[in-house]
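# Coordinate inspection notes
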Amino acid sequence: MIADISVFGDALRFIQDNPGLLWDKVVEQLELSAAAIGVGLLVALPIGIGLGHLRRYSFVAISVANVGRALPTLAVIAVGIVFLPVGFTVVLIALVVLAVPPILTNAYVGVSEIDAETIEAARGMGMTERQILQRVELPLASPLLFAGIRTAVVFVVASATIAAIAGGGGLGDVIVNQASYGIEGVIGASILVCGLAFACDGVVAIIQRLVTPKPLRGRHAEDAMLVAEPGREGAAL
Amino acid sequence: MTGILAASGPVIPDFGEASTCVQDNRLFCPDWVRDNWAPVLQPALLQHVKLVVIAVAIGFVLAFAAALLARRSTWFERPFDLFSALVYTIPSLALFQLLVPVTGLTVTTVEVALVSYTLLILFRNILTGFRSVPADVLEAARGMGMGSFQVLRRVEIPLALPAIMAGVRVATVSTIALATVAAFVIPEGLGRPIFLALRQFFNTELIVTAILAVGLALVADGLLVLAQRALTPWTRIKAGS
């Protein structure tokens, strides 16, 4: 059984033989993940950008980052199931909870770390707060904003796979059900999940490239939740 | 019915002896936690800690070596960074399952996966630490006659330590979270009680295990912050401002 590589061949055959089933599962997982990212963005972006613009309440961003890293998908789902029936809603809530920390933290750091003199200059030019936000802060923060969104997408797609045990659907349904689909099904679905994760990450990278102002392109921003830039408040957020 | 099942093996717990709280599956039953701490929860917690410590230790050695190589040569940095980012993107459940045909339903499978996930975080943080050492400080150290190993040990590592420790913190906390997924492969760690509780939707076990997992991560993070302060006393001078 150990080191039985031939199962990868069987897995590819399983993918070939079951395009309909797997396609349905891929769509399910994409819908779930997209919904979670969408709600996560709606919740986290205004708070992160707002607090970053005020340059206050950094403890919110720091606490959210700390708790966000510590939350295991399984634990979030477990607690969710205690209070809600198994199904789409509980899984969606769990995924939103996991998507919010990276988006919020990076939005806060990205906006709040913009050079204070730049903002001062914008204000001196007579820009309103809204204009400063739209024309100065958001473009300058966009590398970090997207670093956070990419981390959130990676978290959510991975967690959506695990969420199958709570009725979330998606490719995880096949992975956790070896009894029905066999080892070749489990491995086949795992391969597809990898492809799905790479594709989602790639799509966000392309969007990032399209919306990032030209002079900022190619500037590599490290996710503030994962990498501690020297000089940043509290060394690691 | 219960008698037949109980006779066939201890697979299904005998609810006949359980308290009314457990039988009714109320929100939280302290008596269940008390009775099952020693046989169920404590072993799972200790296994979890062991899985994480091994993974972070191996991951640290690999990432540190990689960061040393990448410190001055960009030819190594890009490929290793891409590789670790690629691995980081793979959903954990899929990575565990893809390793099973190669290394079996073993601790090795779990550790290979967990170590892989630490690489990106540790590598980038350690490298950031090394890169933060000012060039004139290195110049001065060399001017004082230090050899390259001495510069590394007495100048670069101490100055990079805050970033290195930050990386260890993030890697440890996220590995504690990820290690719950190990229960899909081996019956170890805090994922195990969550799995068992999911079969019966047993509230107490779901809640207490979730609290243990998150609590373990927060305690580990706190301990590493204390270790960081002890190791880098000079950074606290700036912290006051």
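Because the structure is predicted, anything quoted here is derived from the model rather than measured. (Residues numbered from 1 in each chain as written. Chains lettered and ligands numbered in written order. Predicted model: local features only at pLDDT ≥ 70, side-chain atom pairs only at ≥ 80, totals over all residues. Heavy atoms only, no water.)

## A few points about the side chain of B:His48
All names here are of chain B. For clarity, the cut-off: Secondary structure elements are taken from DSSP: a helix is a run of H or I of four residues or more, a strand is a run of E of two residues or more, and numbering for both begins at the N terminus. In protein, a polar contact requires one atom able to donate a hydrogen and another able to accept it; more generally it is a pair of N or O atoms within 3.5 Å, and residues adjacent in sequence count only if both atoms are side-chain atoms. It only takes one pair of heavy atoms within 4.5 Å for two residues to be counted as in contact.
Within the secondary structure, His48 sits in helix H3 (residues 30-70). Within the structure, the side chain of His48 is placed 2.8 Å from the backbone oxygen of Ile176, a separation counted as a polar contact. Of note is the side chain of His48, whose polar atom sits 3.0 Å from the backbone nitrogen of Leu190. Setting aside its immediate chain neighbours within four residues, His48 contacts Ile176, Ala179, Thr180, Gly189, Leu190 and Leu216.

## A short note on the state of the cysteines
Going by this rule: In plain terms, two cysteine sulfur atoms within 2.5 Å form what is called a disulfide here. Three labels apply to residues, based on accessible area from a 1.4 Å probe with only protein chains included: buried if under 20% of the type maximum, exposed if over 50%, partly exposed otherwise in between.
The final tally for this structure, using the stated rule, is one disulfide over all chains. Each sulfur of the disulfide joining B:Cys21 and B:Cys29 lies 2.1 Å from the other. The chirality of the disulfide connecting B:Cys21 with B:Cys29 is left-handed, given an S-S dihedral of about -90°. Neither residue differs from the other here; B:Cys21 and B:Cys29 are each classed as buried. Its sulfur unpaired, A:Cys194 is 12 Å from the next cysteine sulfur, which belongs to A:Cys200. The exposure class assigned to A:Cys194 is buried, which follows from its relative accessible area of 8%.

## Description of helix H9 (residues 191-200) of chain B
Taken together, the buried positions of H9(B) are occupied by B:Gly191, B:Pro193, B:Ile194, B:Phe195, B:Ala197 and B:Leu198. Considering only its buried residues, H9(B) is in contact with helix H4 (73-83) of chain A together with H3 and helix H10 (203-231) of chain B. Phi turns positive, to about 50°, at B:Phe201, one or two residues after H9(B).

## A word on the pattern of salt bridges
To keep it simple, the criterion reads: Throughout this description, the term salt bridge denotes a Lys or Arg side-chain nitrogen within 4 Å of a carboxyl oxygen of Asp or Glu.
What the rule picks out here adds up to 11 salt bridges over all chains. As a salt-bridge pair, A:Asp201 and A:Arg150 come within 3.0 Å of each other at their nearest N and O atoms. You can see A:Asp201 sitting in helix H9 (residues 178-211) and its partner A:Arg150 sitting in helix H7 (residues 129-162), a full 51 residues away along the chain. Residue class for A:Asp201 comes out buried when judged on its relative accessible area of 12%. Taking relative accessible area as the criterion, A:Arg150 reaches 28% and is therefore assigned partly exposed. One salt bridge in this structure joins A:Glu222 and B:Arg124, with 3.1 Å as the shortest N-O distance. Placement of A:Glu222 in the segment after H9 and of B:Arg124 in helix H6 (residues 107-131) is noted, with the two residues assigned to different chains. One exposure class covers both A:Glu222 and B:Arg124, and it is buried. Taken together, the shared-partner salt bridges in this structure form one network comprising A:Glu222, B:Asp81 and B:Arg124.

## Quick notes on the nonpolar core
Spelled out, the test is: Among buried residues, those of type Ala, Val, Leu, Ile, Met, Phe, Trp, Tyr and Cys that are joined through side-chain atoms within 4.5 Å constitute a nonpolar core.
With 130 residues, the main nonpolar core has A:Leu95, B:Trp32, B:Tyr88, B:Val110, B:Phe123, B:Ile126 and B:Leu206 as its most contacted residues. The element that contributes the greatest number of residues to this core is H3(B), accounting for 14 residues. Setting aside anything within four residues of it in sequence, one finds A:Leu95 in contact with A:Leu32, A:Ala36, A:Val156, A:Ser159 and A:Ala160. In this structure, A:Tyr108, A:Val109, A:Leu144 and A:Ala224 belong to the second largest nonpolar core, which totals seven residues.

## Thoughts on empty space enclosed by the protein
Threshold: Of the two site types, the cavity is a set of points on a 1 Å grid over the protein atoms alone where a 1.4 Å probe fits but cannot get out, and the pocket is an open set with protein on both sides within 12 Å along at least five of seven lines, each lined by residues with an atom within 4 Å of a point. Grid points are joined across faces, edges and corners, and a volume is the space filled by probe spheres set on the points.
A full pass over the atoms with the stated rule returns one cavity of 30 Å³ or more. For the largest cavity, the calculated volume is near 330 Å³. Taken together, 19 residues form the lining of the largest cavity, with A:Thr73, A:Phe155, A:Ala158, A:Ser159 and B:Leu178 sitting closest to its centre. When residues of the lining of the largest cavity are traced back to their parent elements, those giving at least two are helix H3 (58-70) and H7 of chain A together with helix H8 (148-178) of chain B.

## Some details on unusual backbone geometry
The phi torsion at A:Arg55 lies on the positive side, around 55°, for a residue other than glycine. Along the chain, A:Arg55 turns up in the loop between helix H2 (19-54) and H3. Here A:Arg55 falls in the partly exposed class, since its relative accessible area comes to 32%. Positive phi values are uncommon outside glycine, yet B:Asn25 reaches one of about 55°. Of note, B:Asn25 is situated in the loop between helix H2 (20-23) and H3. Overall, B:Asn25 belongs to the partly exposed group, its relative accessible area being 24%.

## Focus on the confidence of the model for chain B
All names here are of chain B. Rules: Known as pLDDT, the predictor's per-residue confidence is scaled from 0 to 100.
Averaged over every residue, the pLDDT of chain B is 88; the share at 70 or more is 91%. A low-confidence stretch, residues 1-10 stays under pLDDT 50, and its non-local contacts, those more than four residues away or across chains, total two contacts. Across the predicted assembly, pTM comes out at 0.89 and ipTM at 0.89.

## Things to note about the interface of chain A and chain B
Spelled out, the test is: Accessible area that two parts lose when put together, evaluated with a 1.4 Å probe and summed over both, is termed the buried area. Note on residue classes: Ala, Val, Leu, Ile, Met, Phe, Trp, Tyr, Cys and Pro are nonpolar, Asp, Glu, Lys and Arg are charged, and everything else, Gly too, is polar.
Across the contact, 48 residues belong to chain A and 44 residues belong to chain B. Each partner contributes to the roughly 3900 Å² buried at the junction of chain A and chain B, and carbon and sulfur atoms together form 79% of this total. Sorting the residues of chain A by area buried against chain B places A:Arg69, A:Leu74 and A:Leu226 first, and these three jointly supply 14% of that buried surface. Taken together, the connections running from chain A to chain B amount to one salt bridge. On the surface where chain A and chain B come into contact, there are two residue pairs in polar contact (both at pLDDT 80 or more). Among the secondary structure elements, those contributing two or more residues to the side of chain A that touches chain B are helix H1 (6-17), H3, H4, H7 and H9 of chain A. Residue contributions to the side of chain A that touches chain B peak at nine residues, all from H9(A). Counted by class, the side of chain A that touches chain B contains 39 nonpolar, four polar and five charged residues.

## Section: the confidence of the model for chain A
Looking at chain A as a whole, the pLDDT averages 89, with 94% of positions reaching at least 70. Across chain A, element-level confidence peaks in H2(A) with a mean pLDDT of 95 and bottoms out in H3(A) with 86.

## Topic: the packing of aromatic side chains
Residues and elements named next belong to chain B. This is how it is decided: Aromatic rings from Phe, Tyr and Trp, with only the six-membered ring used for Trp, were paired whenever their centres fell within 6.5 Å, and each pair was classed as stacked if the ring planes differed by under 30 degrees, edge-to-face if by over 60, and tilted otherwise. The rule is short: NZ of Lys or CZ of Arg within 6 Å of the ring centre and within 35 degrees of the ring normal puts a charge over the ring.
Applying the stated criterion across every chain, the model contains 11 aromatic pairs over all chains. Members of the aromatic cluster, joined through ring pairs, are Trp75, Phe76, Phe80, Phe83 and Phe123. Over the face of the ring belonging to Phe130 we find Arg71, whose NZ or CZ atom lies 5.6 Å from the ring centre.

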